[in-house]
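# Observations on the three-dimensional arrangement
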Amino acid sequence: MQASEAEKPRIVVLISGSGSNMVAIAEAVKAEVSDSDNEAEIVGVISNRPNAEGLNKAQALDLHTDIIDHTLYASREEFDHALIRMIEDLKPDLVVLAGFMRILTADFTRYYEGRLLNIHPSLLPKYQGLNTHQRALDAGDDIHGVTVHFVTEELDGGPNAIQAIVPILDIDNAQELQKRIQVQEHIIYPIAVKWFCEGRLTMKGNQALLDGKQLPTSGIQLDTRG
Ligand code: GRF
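Note that the structure is a prediction, hence the values are computed from the model and not measured.

To find leftover empty space, one rolls a probe the size of a water molecule over the atoms. As a volume, the largest pocket reaches approximately 990 Å³. Around the largest pocket, the lining comprises 37 residues; the ones closest to its centre are Gly99, Phe100, Met101, Ile119 and Pro121. Contributions of two or more residues to the lining of the largest pocket are made by helix H1 (20–35), strand S5 (116–120), helix H5 (132–138) and helix H6 (174–197). The greatest single-element share of the lining of the largest pocket, amounting to 4 residues, is contributed by H6. Partitioning the lining of the largest pocket into residue classes produces 13 nonpolar, 18 polar and 6 charged.

As structure tokens, this is what we get:
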């Protein structure tokens, strides 16, 4: 795609914590820019936590940052409406949730439907919600993983774009497993963002499509078992 300055896809990243996925995406976007004409741009990183470590990382990468402290809002709806206004000021084409630890209202998810991605540390639809690594270990699973999916009203329930499968080792604990999963997060999230920015990854109805073809329920699978 030969994108002109004006057409550069504009990405807004929402974080709450360490921001390692945001950094992986920012570095991939930067590499892409120097590599080809197919440019995208992170136009802002927004955190709901004023002390999120990821804010420092974003500033070190010369990215614009904003803070919107959810504790200052009386309701989830008020917070989400203010968040939409803040995001809209940045005129995004894509909104990326990267460790954004807030449940979003239907007003928010509907507003950004088809241009809102999330990363969830499990092989969705398995293990929606929290403590996914421990739950996979407790269940005695052989494999675990991570999924990038479009966000819909259903929590961790929108259509999958891509997932990485990671083997569970006999000696694993939740922390070790999480470390190996994070390595894969930093690979698959930039891939999904690139696909979206190239216009290859889209959502229609409740389906994710790549190059116009419906993806399997799992999304594209990257199997890291040897
Ligand atoms: C990731 O593990 C992701 O799967 C989950 O939140 C974590 C965010 O990590 N949704 P980071 O802030 O990107 O380092």
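Overall, the coordinates contain 9 salt bridges when judged by the stated rule. Of the charged contacts in the structure, one is a salt bridge between Glu53 and Lys57, with a shortest N-O distance of 3.4 Å. Of this pair, Glu53 and Lys57 both sit in helix H2 (residues 53–60), 4 residues apart, roughly one helical turn. By relative accessible area, which is 45% here, Glu53 ends up partly exposed. By relative accessible area, which is 27% here, Lys57 ends up partly exposed. In this structure, Asp141 engages Lys126 in a salt bridge whose closest nitrogen and oxygen atoms are separated by 3.2 Å. Residue Asp141 is found in the loop between H5 and strand S6 (143–150), and its partner Lys126 is found in the loop between S5 and H5; the two are separated by 15 residues along the sequence. Among the residues examined, Lys126 registers a relative accessible area of 42% and is labelled partly exposed. Each member of the salt-bridge network shares a partner with another, and the members are Lys194, Glu198, Arg200 and Asp211.

This brings us to the site of the ligand. As a structural note, the neighbourhood of the ligand is formed by Ser18, Gly19, Ser20, Asn21, Gly99, Ile119, Pro121, Gln182 and Glu185. Between the ligand and the protein, one listed contact pairs an oxygen atom with a side-chain N or O atom of Ser20 at 2.5 Å. Between an oxygen atom of the ligand and a side-chain N or O atom of Asn21, the distance comes to 2.9 Å. Contact with the protein chains removes 86% of the 360 Å² of surface that the ligand exposes when unbound. The site holding the ligand turns out to be the largest pocket. Listed by contribution, the elements that provide at least two residues to the shell around the ligand are H1 and H6.

Another aspect to go through is the sheet that holds strand S9 (residues 207–210). Across the sheet, 3 strands lie side by side as S8-S9-S10; this open sheet has antiparallel pairing. The sheet is open, and its two edges are formed by strand S8 (201–204) and strand S10 (213–214), each paired on a single side.

About the thresholds
Numbers given for residues are sequential positions, taken from 1 along each chain in its written order. In keeping with the predicted nature of the model, local features appear solely for residues at pLDDT of at least 70, side-chain atom pairs appear and are counted solely at 80 or more, and the whole-chain, interface and lining totals rest on all residues. Based on all heavy atoms of the structure, the side-chain values leave hydrogens and waters out of the count. Throughout, the protein atoms alone are placed on a 1 Å grid, and a set of points is a cavity if a 1.4 Å probe fits but cannot get out or a pocket if it is open with protein on both sides within 12 Å along at least five of seven lines; lining residues have an atom within 4 Å of a point. Grid points are joined across faces, edges and corners, and a volume is the space filled by probe spheres set on the points. Under the DSSP-based scheme used, a helix requires at least four consecutive residues in state H or I and a strand at least two consecutive residues in state E, with every element numbered from the N terminus. When residue character is reported, Ala, Val, Leu, Ile, Met, Phe, Trp, Tyr, Cys and Pro are called nonpolar, Asp, Glu, Lys and Arg charged, and the others, Gly included, polar. Salt bridges, as used here, are contacts in which a Lys or Arg side-chain nitrogen is within 4 Å of a carboxyl oxygen on Asp or Glu. Relative accessibility thresholds used throughout: buried, under 20% of the residue-type maximum; exposed, over 50%; partly exposed, between the two (1.4 Å probe, protein chains only). Only heavy atoms are used to decide nearness, and a residue is near a molecule or strand if one of them lies within 4 Å of it. Polar contacts, as used here, are pairs of N or O atoms within 3.5 Å; protein pairs need one atom able to donate a hydrogen and one able to accept it. Residues neighboring in sequence count only if both atoms are side-chain atoms. For every accessible area listed, the method is Shrake-Rupley and the probe measures 1.4 Å; residues are considered covered only by the protein chains on display. To be counted as sitting in a cavity or pocket, a molecule needs more than half of its atoms within 2 Å of that site's grid points. When DSSP finds two or more bridges between a pair of strands, those strands are recorded as paired.

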